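What follows is each chain in one-letter form.
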Amino acid sequence: MSELAGRAAFVTGAGSGIGRASSLGLARRGAYVWVTDVDEAGAEGTAELIAREGGRAAAVRLDVSDEAQWTAALARSDDRDEALTVLVSCAGRSMIADTATMPLADLRSLLAVSVEGTFLGMKHAIPRIAGSGGGAVVTISSLAGLKGIPGMAAYCATKGAIRMMTKAVALECAELRNGVRVNSVHPGVVDTPAWHKHDPEEVGRSRHGSPGARVLDPHVVAETAVPIGVACSPAEVADTVCFLASDAARHITGAEIAIDGGMTAG
Ligand SMILES: NC(=O)c1ccc[n+]([C@@H]2O[C@H](COP(=O)([O-])OP(=O)(O)OC[C@H]3O[C@@H](n4cnc5c(N)ncnc54)[C@H](O)[C@@H]3O)[C@@H](O)[C@H]2O)c1
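The written sequence of each chain sets the order in which its residues are numbered from 1. Owing to the predicted nature of the model, reporting of local features is limited to residues with pLDDT of at least 70; listing and counting of side-chain atom pairs is limited to 80 or more, with chain, interface and lining totals taken over all residues. The basis for every side-chain value is the complete set of heavy atoms in the structure, and neither hydrogens nor water enter the calculation.

Q: Can you break down the state of the cysteines residue by residue, with the values?
A: Here, a disulfide means two cysteine sulfur atoms that sit within 2.5 Å of each other. One pass over the structure, following the stated rule, counts 0 disulfides. This cysteine, Cys-173, is not joined by any disulfide, and Cys-90 carries the nearest cysteine sulfur, 20 Å off. With no disulfide of its own, Cys-242 lies closest to Cys-90 among cysteine sulfurs, the gap being 12 Å. By relative accessible area, Cys-242 is classed as buried at 1%. Classification of residues uses two cut-offs on accessible area relative to the type maximum, computed with a 1.4 Å probe and protein chains only: under 20% is buried, over 50% is exposed, and between them is partly exposed.

This is the structure in structure tokens:
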């Protein structure tokens, strides 16, 4: 598969989980991948995995909430032959907290990564993608961008914002006729390290997971929460990301694709 040969893709949050799987998928399709993450070791790990498979990638430390880091990271892509045609905005984290007790600072820190990070990526990458003749932006929203989840109001707020920002920017690009398509994907329960990053106290107090659980296991959660009964793998999300990034999706923009085993169907 070399449908993305000669093109470059820029992936945020690429040091782990869905971002790592998407980077691998894009590299397997021939793209040169800018593997970026605030976790530099994670980004390097992903770039090494790509290199081991014969793909091409560079690891870059990027905190998506920092505009100066965005311009510096994207400037590096200007120096390569492969035209930047894909942005995958994946950096994010989850948060379980009841609204009544959640500190405002926690909401703001989540907004900074998910909403400001997605905004800055689109602001700075889209002109470059347009300058390359067009391409695609894929934002990673969530089931939480489509449905309210009690105990996750802050997370739902960020993911809903990503969903609507994606649609608005898709229409801006359409008006400009700049050849850039912009779509969001909405995973449900995906087996990534994110599930194990929650504070055990938070999990214990929440209604997520089984009673008494201190760690959230996506496979256990999926048995009851996902209609098809199984958790999604990061690679399965990456397949949809790569499809949206490819020319096969040339007529799809402003769309939202749920990858949730039926969670939003009922
Ligand atoms: N795992 C799921 O079940 C699930 C479901 C729906 C949506 N999502 C979304 O998918 C995306 C990826 O999540 P994941 O499950 O792969 O999690 P993950 O924790 O495995 O990966 C997230 C990555 O984002 C990076 N990151 C965090 N803050 C950053 C910042 N400020 N700048 C740059 N990078 C930063 C982390 O270092 C990490 O490598 C997130 O946006 C998440 O909300 C995940």
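Now that the structure has been shown, we can carry on.
Q: How would you explain the environment of Thr-36 if you had to name every residue and give the values?
A: Secondary structure follows DSSP: runs of H or I at least 4 residues long count as helices, runs of E at least 2 residues long count as strands, and numbering of each begins at the N terminus. Among the structural elements, Thr-36 can be located in strand E2 (residues 32-37). For Thr-36, a relative accessible area of 0% translates into the label buried. In contact with Thr-36, other than residues within four places in its own chain, are Phe-10, Val-11, Thr-12, Gly-13, Ala-14, Gly-15, Ala-43, Val-60 and Leu-62. Two residues qualify as a contact provided that any one of their heavy atoms is within 4.5 Å of a heavy atom in the partner residue.

Q: Talk me through the packing of helix H4 (residues 104-131) against helix H5 (residues 153-176); I want residue IDs and the actual numbers.
A: At a minimum axis distance of 9 Å, the contact between H4 and H5 shows a crossing angle of 15°. Judged by the angle between their axes, H4 and H5 are roughly parallel. When you trace H4 past H5, the crossing you get is right-handed. Residues Leu-107, Leu-110, Leu-111, Ser-114, Val-115, Thr-118, Phe-119, Met-122 and Ile-126 of H4 lie in contact with H5, whose contacting residues are Ala-154, Tyr-155, Thr-158, Ala-161, Ile-162, Met-165, Thr-166, Val-169 and Cys-173. In this classification, Asp, Glu, Lys and Arg are treated as charged, Ala, Val, Leu, Ile, Met, Phe, Trp, Tyr, Cys and Pro as nonpolar, and every other residue, Gly included, as polar. Broken down by class, the residue content of the contact of H4 with H5 amounts to 14 nonpolar, 4 polar and no charged. Lines fitted to C-alpha atoms define the axes, with helix axes restricted to the stretch in contact, and inter-axis angles between N-to-C directions lie between 0 and 180 degrees. Note on terminology: angles under 35 degrees are roughly parallel, angles over 145 are roughly antiparallel, angles of 65 to 115 are roughly perpendicular, and the others are oblique. Put simply, a crossing is left-handed when the front helix is turned counterclockwise from the back one by less than a right angle, and right-handed when it is turned clockwise.

Q: Tell me what's going on with the site of the ligand, and back it up with residues and numbers.
A: Whether a residue is near a molecule or strand depends on its heavy atoms: if one lies within 4 Å, it is near. Neighbouring the ligand are 29 residues, the closest being Ser-16, Asp-37, Tyr-155, Thr-192 and Lys-197. Val-38 has a polar backbone atom sitting 3.4 Å from a nitrogen atom of the ligand. In protein, a polar contact requires one atom able to donate a hydrogen and another able to accept it; more generally it is a pair of N or O atoms within 3.5 Å, and residues adjacent in sequence count only if both atoms are side-chain atoms. Here an oxygen atom of the ligand and a side-chain polar atom of Tyr-155 are 2.7 Å apart. Throughout, the Shrake-Rupley method with a 1.4 Å probe supplies accessible areas, and for residues the shown protein chains are the sole cover considered. For the ligand, whose free accessible area comes to 820 Å², the fraction covered by protein is 93%. Mapped by element, the contributors of at least two residues to the shell around the ligand are helix H1 (17-28) and H5. Residue classes in the shell around the ligand are distributed as 15 nonpolar, 9 polar and 5 charged.

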